Amino acid sequence: MQGIIVFIIVFFVVVTVHEFGHFLVAKKSGILCQEFAIGFGPKVFHKKIGETNFTVRLLPIGGYVKMPDNVFDFNNEVSPYDIKKGMNIYLKLAEDNKVQKILLDVTNDVDAVKIQVNDCDLTYKLFIEGYSNGGETLEKFLVKDDACVVFSGMEEQIAPVNRMFSSHSCGKKIATLFAGPFMNFVLAACIFVGISMVNGVPVDKPIIGDIIDNSPAYNVGLKSNDVIKKINDNEIKSWNEIRNKVQETNGNELRLTIEREGRTLEYNINPKKETLSDKNGNLKNTYTLGIKVKYEKNLIYSIKYGLKQTLYYGGIIFMGIVGLFISLIKGIFSLNQLGGPVAIYEMSSEVAKNGLESTLRWIGILSVNLGLMNLIPIPVLDGGRIVFVLYEALFKKPINKKAQYYITIVFALLLLILTIAVTWNDISR
């Protein structure tokens with residue numbers, strides 16, 4: 001049960017922050033956001049606030065902000081809402097007799113005007129023409145630019161052409177698309193900075209932090225805040241030098257020169273041998289003294305360290321993505337290189353056992369991962385759509401609508417197939 005709760009929280013936070021980035025910049029740019037959805041599939045919750053429907057959907061495999069785009073409406077003869085000639089619909093009029101609501105569902109509202117549609121344009125000219133009074137009178141109604149279409153129990157605001165994504169400048173479109181991944185990086189940085197502020201930042205000076213019980217350092221009498229000045233006859237100036245010198249000894253006895261409260265002391269110590277396994281299963285000997293790096297709390301250092309960790313995880317994930325494409329080119333790709341919702345659930349359950357800090361760090365890593373994955377330049381993902389916009393900016397015209405539509409559909413299907421395959425592979429493992 002704990003694993004399910006943690007998975008839901010992790011998924012909700014990472015996806016919501018990503019979509020909020022798109023949503024915020026789109027609103028600032030004047031682009032209509034008809035829906036802000038977490039998940040895909042059937043709705044389990046929805047609430048309309050302003051001009052946007054906020055929904056939670058059944059399948060936890062992503063989310064989206066629905067921004068109308070007439071690039072993908074080329075094959076729709078009437079409107080994005082499939083209002084066609086001959087349909088019976090109901091109109092709710094505002095005080096100025098303009099249409100405020102278009103009801104596609106049957107209603108008992110006595111104030112609603114029932115018409116049989118003859119003609120309709122909810123994108124450019126904003127009108128509906130139809131027969132009222134049982135088909136005897138042909139009337140033309142102007143439609144307000146913020147009118148709503150009501151269908152399946154949900155209201156959705158119409159999209160005049162000036163509010164569509166494709167009608168805005170290339171700069172605004174790129175900013176809107178990049179804002180999602182950017183917010184993922186911001187979330188990760190905030191998490192890592194926050195953890196650093198609470199725990200402190202590791203000091204690179206050769207100062208001992210904690211001593212592990214029953215370790216070589218504990219047994220010879222080393223203490224926290226001891227400063228290691230020398231190992232054998234080698235002067236030590238950083239924590240990394242301590243680590244390197246201990247490994248170089250291959251387990252032989254060391255002579256430590258320590259400074260403690262103004263006094264200089266010497267200790268002979270034998271490092272403890274440990275055998276570890278690397279990611280390829282190879283065994284490797286390592287040596288430890290049982291001392292930990294010292295941490296100190298400093299706001300500026302915490303910010304720097306948090307940003308450094310964000311870049312560190314970003315670098316690892318970026319190289320993983322590059323390696324993935326290299327394996328595809330070389331023909332050695334394996335589904336085991338990927339993890340879907342099942343793998344994320346499994347790992348979320350594991351990190352949850354280690355407490356809040358591990359869970360927060362996992363959210364930060366996943367957030368960086370989602371940001372970078374979405375910037376891969378293939379259609380369906382934000383990176384692919386940015387490529388389309390860059391093409392438009394370079395050649396002063398968008399890619400052919402049909403080509404863009406079918407390329408996107410093909411990659412959407414491929415991504416769906418890959419998601420199913422990865423999920424099945426996760427379950428099998």
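Residues numbered from 1 in each chain as written. Predicted model: local features only at pLDDT ≥ 70, side-chain atom pairs only at ≥ 80, totals over all residues. Heavy atoms only, no water.

As a further point, take the overall build of the protein chain. Per the secondary structure count, the protein chain includes nine helices and 18 strands. Taken against the 2.2 N^0.38 rule, which gives 22 Å for 429 residues, the C-alpha radius of gyration of the protein chain at 30 Å runs more than 25% over that of a compact globule. Buried residues in the protein chain amount to 41% of all 429 residues. In the structure as shown, the protein chain presents an accessible area of about 24200 Å², 58% of it carried by carbon and sulfur atoms. Charge centroids of the protein chain, computed over 47 positive and 42 negative side chains, lie 5 Å from each other. (Helix = DSSP H or I, 4+ residues; strand = E, 2+ residues; numbered from the N terminus. Rg over C-alpha atoms; globule rule 2.2 N^0.38 Å. Buried < 20%, exposed > 50% of the residue type's maximum accessible area, 1.4 Å probe, protein only. Areas by Shrake-Rupley, 256 points an atom, 1.4 Å probe, with all protein chains shown as cover. Lys, Arg positive; Asp, Glu negative; His and termini not counted. Charge placed at Lys NZ, Arg CZ, Asp CG, Glu CD.)

Bringing the layout of surface pockets into the picture now. In this model, the second largest pocket occupies a volume close to 760 Å³. Lining of the second largest pocket is provided by 27 residues; of these, Pro 202, Val 203, Trp 239, Arg 243 and Val 293 occupy positions nearest its centre. Those elements that place two or more of their residues in the lining of the second largest pocket are β9 (201-202), α4 (239-248), β16 (283-288), β17 (291-293), β18 (295-296) and α5 (299-330). In terms of residues, the lining of the second largest pocket owes the most to one element, α5, which gives seven residues. Counted by class, the lining of the second largest pocket contains 15 nonpolar, five polar and seven charged residues. (1 Å grid on protein atoms, 1.4 Å probe; cavity = no way out; pocket = protein on both sides within 12 Å on 5 of 7 lines; lining within 4 Å. Points joined across faces, edges and corners; volume = space filled by probe spheres on them. Nonpolar A, V, L, I, M, F, W, Y, C, P; charged D, E, K, R; others polar.)

Time to look at the pattern of salt bridges. Enumeration according to the criterion identifies 14 salt bridges in this entry. In this structure, Asp 69 and Arg 385 form a salt bridge, with 3.4 Å as the shortest nitrogen-oxygen distance. With a gap of 316 residues between them, Asp 69 in the loop between β2 (52-66) and β3 (88-93) and Arg 385 in helix α8 (residues 382-395) connect regions that are remote in the sequence. Judged by relative accessible area, Asp 69 falls into the buried class, the value being 8%. According to the relative accessible area criterion, Arg 385 is partly exposed, its value standing at 25%. (Salt bridge = Lys/Arg side-chain N within 4 Å of Asp/Glu carboxyl O.)

Here the protein chain averages 87 in pLDDT, while 95% of its residues score no lower than 70. For residues 74-80, every residue scores under 50 in pLDDT, and the model assigns this stretch ten contacts once sequence neighbours within four places are set aside. (pLDDT = per-residue confidence, 0-100. Contact = heavy atoms within 4.5 Å.)

Glancing now at the nonpolar core. Where a protein is soluble and globular, its nonpolar side chains tend to be buried together. Core analysis: the largest hydrophobic core is formed by 22 residues, its most contacted members being Val 10, Ile 191, Ile 363 and Leu 372. Mapped onto this core, the elements with two or more residues apiece are α1 (2-29), α2 (170-199), α5, α6 (341-352) and α7 (356-374). At six residues, the largest contribution of residues to this core is made by α2. Leave out the neighbours within four places in its chain, and Ile 191 touches Leu 360, Arg 361, Ile 363 and Gly 364. Counting 19 residues, the second-largest nonpolar core is a separate cluster that includes Leu 222, Ile 231, Ile 242 and Ile 258. (Core = buried A, V, L, I, M, F, W, Y, C linked by side-chain atoms within 4.5 Å.)

Attention now goes to the state of the cysteines. In the structure shown here, the tally under the stated rule is zero disulfides. Left unpaired, Cys 148 is separated from the closest cysteine sulfur, that of Cys 33, by 14 Å. (Disulfide = S-S within 2.5 Å.)

The next point concerns α5. An ideal rise of 1.5 Å per residue puts 46 Å on 32 residues; α5 measures up with 46 Å between its terminal C-alpha atoms. Within α5 the residues assigned to the buried category are Ser 302, Gly 306, Gln 309, Thr 310, Tyr 313, Gly 314, Ile 317, Ile 321, Leu 324 and Ser 327. Buried-residue contacts for α5 involve α2, β9 and α7. The backbone nitrogen of Ile 300 has a side-chain oxygen 3.0 Å away, supplied by the residue at the start of α5, namely Asn 298. (Expected span 1.5 Å × (residues − 1). Polar contact = N/O pair within 3.5 Å; in protein donor to acceptor, adjacent residues only side chain to side chain.)

With that out of the way, let us pick up the packing of aromatic side chains. As enumerated under the stated definition, the model contains ten aromatic pairs in all. With centroids separated by 5.6 Å and ring planes inclined at 85°, the aromatic side chains of Phe 23 and Phe 36 adopt a geometry described as edge-to-face. In this pair, Phe 23 is assigned in helix α1 and Phe 36 in strand β1 (residues 35-49), connecting sequence segments 13 residues apart. Judged by centre distance (6.1 Å) and plane angle (35°), the rings of Phe 178 and Phe 182 are tilted. (Phe/Tyr/Trp six-rings, centres within 6.5 Å; stacked < 30°, edge-to-face > 60°.)

Another point: unusual backbone geometry. Most peptide bonds take the trans form, and the phi angle of most residues other than glycine is negative. Despite not being glycine, Asn 225 shows a phi value in the positive range, around 75°. Mapped onto the elements of the fold, Asn 225 is located in the loop between α3 (216-220) and β11 (227-231). With a phi close to 55°, Asn 232 is a non-glycine residue in the positive phi region. Mapped onto the fold, Asn 232 is located in the loop between β11 and β12 (234-235). The exposure class assigned to Asn 232 is partly exposed, which follows from its relative accessible area of 27%.

Packing of α2 against α8 brings their axes to within 10 Å, and their N-to-C directions diverge by 165°. When the axes of α2 and α8 are compared, the pair comes out roughly antiparallel. Regarding α2 and α8, the two cross each other, and that crossing is left-handed. Listed contacts from α8 to Cys 170, Lys 173, Ile 174, Leu 177, Phe 178 and Pro 181 of α2 are Asp 382, Arg 385, Ile 386, Val 389, Leu 390, Glu 392 and Ala 393. Per-class residue counts for the contact of α2 with α8 are nine nonpolar, no polar and four charged. (Axes fitted to C-alpha atoms, helices over the stretch in contact; angles between N-to-C directions. Parallel < 35°, antiparallel > 145°, perpendicular 65-115°, else oblique. Left-handed = near helix turned anticlockwise from the far one by under 90°.)

One can find Glu 51 in the loop between β1 and β2. A distance of 3.2 Å separates the side chain of Glu 51 from the side chain of Lys 27, its partner in a polar contact. Here the side chain of Glu 51 touches Arg 163 through a polar contact of 2.8 Å, side chain to side chain.

This part is about α8. With 14 residues, α8 should reach 20 Å at 1.5 Å per residue; the first-to-last C-alpha distance of 20 Å fits that figure. Regarding α8, the residues found buried are Asp 382, Gly 383, Gly 384, Ile 386, Phe 388, Val 389 and Glu 392. Directly beyond the C-terminal end of α8, a positive phi value near 60° is found at Lys 396.

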